[in-house]
Amino acid sequence: MGAAVMRAALCALMVLVTGPAPAETYKIENIGSGDPRGATDGLSFTYDVHLRLELLLGEPVVGTRFRWQLNPNFSEVEISELVTDKRRRVKLLNLPREAQLKARIYDVDIEFEMSGATGVYYLLADGGDPGPGDGKTWSFNVPGSPDWSEMFYRTPLDGPDDRADYVSEKEAKRIWKEGLRLHTARLVDVKVSTHDLVRWYVQQSKAPEVAVTQKAIRNLAEGIREGFGYELDAEEFAEVTPEDRWDTEGMSGLPEEEGLRAAEIDYQILSERLGKLLAMPKKFEPTGELILFDAAVAELRSDIAALAEQRTERGLKDYPLKLGLSPREFEEGHDVRAAGNSYELVEDDGAFWVTDLSGEEVYDLEDGQFLFAKSVVAETWKCRLELFDPKSEELVFEHDFDCNGWMHLVNADDDAPRPATDKLRIEVHTGRKDIVKRYVSGSCSDSGQSEVTVFGVEIYELGTDLELKRTGSDRHRHVTKSAGQHFCLSTQ
């Protein structure tokens, strides 16, 4: 981390689901302030962190999101000018806001310090894919489900290469069950990307054009001496003085402090001088050979083409400084609306679709199916309950019931929009039945009577801990044979 001490606001939201059943859900909200250093590789920033812990389908789920705000007053990056390879530190304070936000961070590892009933514990989590350092954009992240044996550890890490002394699976479950309180968070590791910032800078900077033009002026001076007999002080003609810049209009463009404006003005002045030299053959009769003059022109054209190539993506692969990953290559994730909940339910023209958190529709729910715990689709087939991932359709859970081939899934969560629930009620029809209305066929003038059968029903509930509990019994009436009025032709 850097030397500047930054103040970071930490907002933590933890949701813990305890066991054994019945599962109890409770929230701990802890808003504190710390003094973690948010500076690395020349970038200084403050940051906020949200942490969410949840037990889903019997396994722990860790979700984090992260946002950061760049402090341009104390931030700088190293650049290398094209053509000259001159290196220097550029202060972000002197660059436009557009350019400042092109400095990015990634691979953010966050260590959380928490206290339990029997001591202090630590948890390491990935901050996801951070957005720009505007202080507003939260990272995009996918909740992770670590093994219990790699959940909590006792000693804070010294750095990204330090190994954690994790507690056992049995102890981790005990720590979870007893409850935790979050105290602080700090960055263990973070990488910096100047990929887009440097690309912006090398496109804006006219320093390479200045170098190419100065070289061309010196070469043309030799060609003019040989071809036209004029003695020209090439060094003086290729130099731009402060007085020259003040006499030039249009100095209100790019920042002066980082040399961008000065290079822009220098290039404008030198281009006018170069144009006068290139026009010599049109205005004056040669007195000697133009071999050196023509060679200087050819070399200028070659240098211009080479500079254009250096500015391309292919050319910038040979850039002498490490720029980090392109933001397009950052590990992609999804906004953590609720850690452990990978899917949402949306209604589209009367149909219910399961979407991932990017909004992409991944599964069209059929009649009788439910989105369960925002993670899996629940359905019945004959006497079997199945849970599967809606995107991969991989089976996650199955259970066979003793039934007569008829089962219902019912939303047991009154607050959840159907057909999505965190508590699933399964109504299983047993073999017990009584016919309470006999079938009577209809006639031309009478609808008859449909057969109605009452079935014995066993009721179960399934929570996110995947524990089935029998909660009662009931009797359901169903029409098992329908009657109806016949259509008769009149003989009159």
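See the structure printed just above.
Since the model is a prediction, treat every value here as computed from it, not as a measurement.

**Some remarks on the overall build of the chain**
Step number 1: On a plain count of helices and strands, the chain comes out with ten helices and 22 strands.
Step number 2: Buried positions account for 45% of the 492 residues belonging to the chain.
Step number 3: Looking at the chain alone, contacts between residues at least 24 apart form 64% of all its contacts between residues at least 6 apart.
Step number 4: Total accessible area computed for the chain in this model is approximately 26,200 Å², and 46% of it derives from carbon and sulfur atoms.

**Here we look at the state of the cysteines**
Covalently bonding the sulfur atom of one cysteine to the sulfur atom of another cysteine gives a disulfide.
Step number 1: Across all of its chains, the model carries one disulfide by this definition.
Step number 2: Disulfide pairing is shown between C383 and C403; the S-S distance is 1.9 Å. When the S-S torsion is -100°, as for the bridge of C383 with C403, the disulfide is left-handed. Taken together, the residues span a long stretch of sequence, with C383 in the loop between strand 15 (376-381) and strand 16 (384-388) and C403 in the loop between strand 17 (395-400) and strand 18 (407-411) at a distance of 20 residues.

**Focus on the pattern of salt bridges**
Step number 1: What the rule picks out here adds up to 26 salt bridges.
Step number 2: Of the charged contacts, one joins D244 and R273 as a salt bridge, the two residues approaching to 3.3 Å between their closest N and O atoms. In this pair, D244 sits in helix 6 (residues 242-246) while R273 sits in helix 7 (residues 260-278), placing the two residues 29 residues apart along the sequence.
Step number 3: Overall, D244 belongs to the partly exposed group, its relative accessible area being 23%.
Step number 4: Here R273 falls in the buried class, since its relative accessible area comes to 16%.
Step number 5: A salt bridge links E344 to K374; its shortest N-O distance comes to 3.8 Å.

**Observations concerning the environment of P390**
Step number 1: Here P390 is to be found in the loop between strand 16 and strand 17.
Step number 2: Sequence spacing of P390 and D356 is 34 residues, and the spatial spacing of their C-alpha atoms is 9.3 Å.
Step number 3: When residues no more than four places from it in sequence are discounted, the contact partners of P390 are Y343, V354, V362, Y363, S375, V376 and V377.

**Observations concerning the sheet that holds strand 13 (residues 361-364)**
Step number 1: On the basis of which strands lie adjacent, the open sheet formed by three strands has the order 11-12-13 and antiparallel pairing. The two strands at the open ends of the sheet, each matched to only one other strand, are strand 11 (343-348) and strand 13. Across the sheet, the axes of successive neighbouring strands diverge by a mean angle of 35°, strand direction being ignored.
Step number 2: The pairing of strand 12 (residues 351-356) with strand 13 spans three bridges and is classified as antiparallel. Note on strand 13: the bridge partner recorded for V354 is Y363.

**Observations regarding the packing of helix 7 against helix 9 (residues 291-310)**
The relative placement of two packed helices is expressed as an angle between their axes plus a distance between the axes.
Step number 1: Where helix 7 meets helix 9, the axes come as close as 12 Å, and the angle between the chain directions of the two elements is 140°. With respect to each other, helix 7 and helix 9 are oriented oblique. In this structure, helix 7 crosses over helix 9, and the sense of that crossing is left-handed. Residue-level contacts link L274, L277 and L278 of helix 7 to F293, V297 and L300 of helix 9.

**Looking at the sheet that holds strand 9 (residues 119-126)**
Step number 1: Within the open sheet, the three strands sit side by side as 9-8-10. Their pairing is antiparallel. On the outer flanks of this sheet lie strand 9 and strand 10 (181-193), each paired with one strand and no other. Here the average twist between neighbouring strands, direction ignored, is 20°.
Step number 2: Summarising the sheet, strand 8 (residues 104-116) and strand 10 pair through ten bridges and their orientation is antiparallel. The residue of strand 10 that forms the bridge with Y106 is K191.

**Considering unusual backbone geometry**
Step number 1: Phi at K374 is positive, roughly 55°, even though this residue is not glycine.
Step number 2: The exposure class of K374 is partly exposed, given its relative accessible area of 31%.

**Section: a negative patch on the surface**
Step number 1: A cluster of acidic side chains, namely E347, D348, D349, E360, E361, D364, E366 and D367, defines a negative patch on the protein surface.
Step number 2: Of all the secondary-structure elements, those providing two or more residues to the negative patch are strand 11 and strand 13.
Step number 3: With respect to the secondary-structure elements, D367 resides in the loop between strand 13 and strand 14 (370-372).
Step number 4: Look at D367 and you get exposed, because its relative accessible area is 81%.

**A short note on the packing of aromatic side chains**
Step number 1: Across all of its chains, the model carries ten aromatic pairs by this definition.
Step number 2: A ring pair is formed by W148 and W176, whose centres lie 5.4 Å apart and whose planes are at 80°; its orientation type is edge-to-face. A residue pair is termed long-range when its members are at least 10 positions apart, and W148 in the loop between strand 9 and helix 2 (169-178) and W176 in helix 2 qualify at 28 residues.
Step number 3: Arranged with centres 5.6 Å apart and planes meeting at 70°, the rings of Y363 and F388 form a pair that is edge-to-face. In this pair, Y363 sits in strand 13 while F388 sits in strand 16, placing the two residues 25 residues apart along the sequence. For the pair shown, Y363 and F388 are each scored as buried.
Step number 4: Ring-pair connections join several aromatic residues into one group, and the members of that group are F45, Y47, F66 and W68.

Thresholds applied
Residues numbered from 1 in each chain as written. Predicted model: local features only at pLDDT ≥ 70, side-chain atom pairs only at ≥ 80, totals over all residues. Heavy atoms only, no water. Helix = DSSP H or I, 4+ residues; strand = E, 2+ residues; numbered from the N terminus. Buried < 20%, exposed > 50% of the residue type's maximum accessible area, 1.4 Å probe, protein only. Contact = heavy atoms within 4.5 Å. Areas by Shrake-Rupley, 256 points an atom, 1.4 Å probe, with all protein chains shown as cover. Disulfide = S-S within 2.5 Å. Salt bridge = Lys/Arg side-chain N within 4 Å of Asp/Glu carboxyl O. Pairing = 2+ DSSP bridges. Axes fitted to C-alpha atoms, helices over the stretch in contact; angles between N-to-C directions. Parallel < 35°, antiparallel > 145°, perpendicular 65-115°, else oblique. Left-handed = near helix turned anticlockwise from the far one by under 90°. Patch = residues over 30% accessible without salt bridge, like charges linked within 9 Å, V, L, I, M, F, W, Y side chains within 5 Å. Lys, Arg positive; Asp, Glu negative; His and termini not counted. Charge placed at Lys NZ, Arg CZ, Asp CG, Glu CD. Phe/Tyr/Trp six-rings, centres within 6.5 Å; stacked < 30°, edge-to-face > 60°.

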